[in-house]
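Report on the structure
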Amino acid sequence: MGAVGFQEADWIWKDGEYVGWHDCNVHLLATAVQFGTSVFEGIRAYETSEGPAVFRLREHIDRLIDSATVYRMLPDYSADELVDTCLEVIRKNELRNCYIRPMIIRGYGTPGLNPILSPIDTYVAAWGWGTYLGAEALEVGVDVCVSSWQRMAPNTFPARAKAGGHYVNAQLMKMEAVQNGYVDAIALGPGGLVSEGSGMNLFLVDEGKVISPVLDGTSLVGITRGAVIQMARDLGYEVEERPVPREALYTVDEMFFTGTAAEVTPVRSVDRIEIGDGKAGPITLDIQKRFLATVKGETDDPHGYLTYV
Ligand SMILES: Cc1ncc(COP(=O)(O)O)c(C=O)c1O
């Protein structure tokens, strides 16, 4: 199968050189391929009236370095150098609206388990990509389920690190959800409380208050989540991070996902129970509007979220 649902670009940066998209291969026995030892980021750039701008680039690169620190695979490049490389990859591929994927992987060195014996290879890819959860998702919302798979317990897999191997759990969630007729899934943590989606954070709206499950070591510390909390407060909403029991998912007034891929996507049902009146809620849409205006450079940027390419 070739490329599905995205536009391939021409060039991928690998350790200081550009490699053609289809020539950017790794060995079958690379440690990352066998054992999931890679850390990565997903970043978006948006077309603005002043050319493409990247949303929260520095924060993503800082999280990449944190993930690499946890997995003892720091690259040879500084955060500043990786920021510049991301911008260069967008220019080199002449991209505008795009998704940027820096990856640090344990390459081919030894077929055994000890990753320290394999080299640390750094890549930056980017490509054109539309809405992640379907063309209409941002407007009308998505139908999701609670996954039968739960998120990892703290101190099993380090959930705050964005590592390739962690996404086998996310893929189990996603496959089950899609095969059962849902767009995506919400996972509970090992304590039975709500954690996050397969590749996005979750927000609820109840009695006018914006709520996000507390970051309890079972979820990723979403960079969009942080910005959305700030934007909701800037819009005058009260925001609370707190433990969320599963049953709250069925009774709140509104719900939405946040993430680089998901942006701000309304959720209209969970396990076939409608949220509110089964449409994107007004507070969700208010926050989504602020988010989209910010990333597209259509409003002022008081928190310095955009880096112009
Ligand atoms: C598991 C998981 N949770 C949450 C998110 C949202 O994080 P961000 O807003 O930083 O993209 C992502 C996407 O990166 C993710 O993969």
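Quick caveat, the model's predicted, so the values are computed rather than measured.

Some thoughts on the side chain of Thr85
Examined against the element boundaries, Thr85 turns out to sit in helix H3 (residues 79–92). Those residues in contact with Thr85, other than ones at most four positions away along the chain, are Trp13 and Val124.

Structural notes on the pairing of strand E12 (residues 209–213)
Of all five residues making up E12, four are buried, and the element is well covered by its neighbours. Note that strand E11 (residues 201–206) and E12 share three bridges and pair antiparallel. For Asp206, the partnering residue across the bridge sits in E12 and is Lys209. Between E11 and E12, which pair antiparallel and follow one another directly, the connecting turn spans two residues, one of which, Glu207, has a positive phi of 50°. Where E12 meets strand E13 (residues 239–242), four bridges bridge the pair, whose relative direction is parallel. Paired with Ile211 across the bridge in E13 is Glu240. A crossover connection joins E12 to the parallel E13 through helix H6 (residues 223–234); in handedness this β-α-β unit is right-handed.

Things to note about the packing of aromatic side chains
Counted by the stated rule, this structure contains 11 aromatic pairs. On the basis of an interplanar angle of 65° and a centroid distance of 6.0 Å, the ring pair of Phe6 and Trp127 is categorised as edge-to-face. Of the two residues, Phe6 sits in the segment before strand E1 (11–14) while Trp127 sits in strand E7 (residues 120–127), which places them 121 residues apart along the sequence. In textbook terms, an aromatic cluster arises when at least three aromatic residues are bridged by ring pairs, as seen for Phe6, Trp21, Tyr99, Trp127 and Trp129. The ring of Trp11 has Lys92 sitting right over it, with the charged end atom 4.9 Å from the ring centre.

Looking at the pattern of salt bridges
Proximity of charged atoms lets side chains of opposite charge pair with each other. A full pass over the atoms with the stated rule returns 15 salt bridges. For Glu263, the salt bridge goes to Arg44, with nearest N and O atoms at 4.0 Å. Here the residue Glu263 occupies a position in strand E15 (residues 263–270), and Arg44 occupies one in strand E4 (residues 43–48), the gap between them amounting to 219 residues. Summarising the burial analysis for this pair, Glu263 and Arg44 share the class buried. Here Glu196 makes a salt bridge to Arg151, at a shortest N to O gap of 2.7 Å. In this pair, Glu196 sits in strand E10 (residues 194–197) while Arg151 sits in the loop between strand E8 (142–146) and helix H5 (167–179), placing the two residues 45 residues apart along the sequence.

Observations regarding the domain arrangement of the protein chain
If you check the domain split of the protein chain, you get domain 1 (11–127) and domain 2 (137–295). Centre-to-centre separation of domain 1 and domain 2, based on C-alpha positions: 26 Å. If you look at the interface, domain 1 gives 19 residues, while domain 2 gives 21 residues. When domain 1 packs against domain 2, close to 1,700 Å² is buried across both sides, 63% of that on carbon and sulfur atoms.

Topic: unusual backbone geometry
Backbone geometry places Arg56, a non-glycine residue, at a positive phi of 55°. With respect to the element layout, Arg56 can be found in the loop between strand E5 (51–55) and helix H2 (57–70). Among the residues examined, Arg56 registers a relative accessible area of 14% and is labelled buried. Located in the positive-phi region is Arg72, a residue other than glycine, with phi close to 55°. You can see Arg72 is positioned in the loop between H2 and H3. Residue Arg72 is classed as exposed on the basis of its relative accessible area, which comes to 67%.

Definitions and cut-offs
- Residues numbered from 1 in each chain as written.
- Predicted model: local features only at pLDDT ≥ 70, side-chain atom pairs only at ≥ 80, totals over all residues.
- Heavy atoms only, no water.
- Helix = DSSP H or I, 4+ residues; strand = E, 2+ residues; numbered from the N terminus.
- Contact = heavy atoms within 4.5 Å.
- Buried < 20%, exposed > 50% of the residue type's maximum accessible area, 1.4 Å probe, protein only.
- Pairing = 2+ DSSP bridges.
- Right-handed = clockwise from strand over helix to strand, strands pointing away.
- Phe/Tyr/Trp six-rings, centres within 6.5 Å; stacked < 30°, edge-to-face > 60°.
- Lys NZ or Arg CZ within 6 Å of the ring centre and 35° of its normal.
- Salt bridge = Lys/Arg side-chain N within 4 Å of Asp/Glu carboxyl O.
- Domains from an automatic or database assignment.
- Buried area = accessible area lost by both parts, 1.4 Å probe.

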